[in-house]
Amino acid sequence: GLRLYRDAVSGVSPDGGTRLRPVSAQLDLASSLIDLRELDEGSALIDAPVEDLGRASTAESQARPLLLRSRVRLIEGRLDEAADAAQAVLDWKAGGDGSGDYYGALAQCQLATIAFRRGDLRTAEKALGQLPDRPHDPHADPLSAWLSLVAAFLADARETPGQAAASLAWAYDGIREFKWL
């Protein structure tokens, strides 16, 4: 599976010729590698030149690499750098046309996660509170799942582990769908 994924974004066609690497496939592979804690390879893909923007939005080609870089830094425990990359997404979004709303929301979740890791529950709650109201259906998309997960972290810290565990029942119900969590 992963070998085929790597081959798909390698820039080499099955006949040995060259082909353009689409940004979405390149960043999808980087995200998967980061999830697998293959941080060096994932980071190299984030930083690799993109030859084919294809149908990628400006948000995907500019904000998504920053979010991925923030995830890498968070995993490495480099919280200041993780926060800087997530904040850069919000700065980019503020100057944009609204196409980055989804990535801006992901950046807010990332900032909430970083604040939680620092033990700053008030800042984590504030970051989540700055998100637009949305239905909390963790099965809907990665953002909803992440919101629910961060909310459960905060519930665990503020309330009891039992309440936090109950709020995560959806993850166990849909464990096959959310392997990336």
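Small disclaimer: the values here were computed from a predicted structure and weren't measured.

Where helix α6 (residues 101–117) contacts helix α8 (residues 142–158), the axes come no closer than 10 Å and their chain directions differ by 20 degrees. Put simply, α6 runs roughly parallel to α8. Classified by chirality, the crossing of α8 by α6 is left-handed. Facing α6, whose interface residues are Y102, A105, L106, C109, Q110, A112, T113 and F116, α8 presents P142, L143, W146, L147, V150, F153, L154 and A157.

Three- or four-residue spacings in an α-helix give side chains the same orientation, since the helix completes a turn every 3.6 residues. If you check helix α2 (residues 23–35), its first and last C-alpha atoms are 18 Å apart, about what 13 residues at 1.5 Å a residue would give, namely 18 Å. Along α2, the residues classified as buried are V23, A25, Q26, L27, L29, A30, S31, L33 and I34. Backbone geometry just downstream of α2 places R37 in the positive-phi region, at approximately 65 degrees.

The next subject is the pattern of salt bridges. Per the stated rule, a full pass over the model turns up nine salt bridges. Among the salt bridges present, the one from D35 reaches R71, with a minimum N-O distance of 2.3 Å. Of the two residues, D35 is situated in helix α2 and R71 in helix α4 (residues 58–76); the sequence distance between them amounts to 36 residues. The partner of R73 in a salt bridge is E81, with the nearest N and O atoms 3.4 Å apart. By relative accessible area, R73 is classed as buried at 18%. Note on E81: relative accessible area 36%, which makes it partly exposed. Overlapping salt bridges bring together R73, E76, R78 and E81 as one network.

This paragraph deals with the nonpolar core. Note that soluble globular proteins tend to have their nonpolar side chains buried in a common cluster. With 28 residues, the main nonpolar core has C109, L111, I114 and L128 as its most contacted residues. Of all elements in the fold, only α4, α5 (79–94), α6, α7 (121–129) and α8 reach the threshold of two or more residues within this core. In terms of residue count, the dominant contributor to this core is α6 (nine residues). Sequence-distant contacts of L111, defined by excluding residues within four places in its chain, comprise A83, A86, Q87, L90 and A127.

Conventions adopted
- Residues numbered from 1 in each chain as written.
- Predicted model: local features only at pLDDT ≥ 70, side-chain atom pairs only at ≥ 80, totals over all residues.
- Heavy atoms only, no water.
- Axes fitted to C-alpha atoms, helices over the stretch in contact; angles between N-to-C directions.
- Helix = DSSP H or I, 4+ residues; strand = E, 2+ residues; numbered from the N terminus.
- Parallel < 35°, antiparallel > 145°, perpendicular 65-115°, else oblique.
- Left-handed = near helix turned anticlockwise from the far one by under 90°.
- Contact = heavy atoms within 4.5 Å.
- Expected span 1.5 Å × (residues − 1).
- Buried < 20%, exposed > 50% of the residue type's maximum accessible area, 1.4 Å probe, protein only.
- Salt bridge = Lys/Arg side-chain N within 4 Å of Asp/Glu carboxyl O.
- Core = buried A, V, L, I, M, F, W, Y, C linked by side-chain atoms within 4.5 Å.

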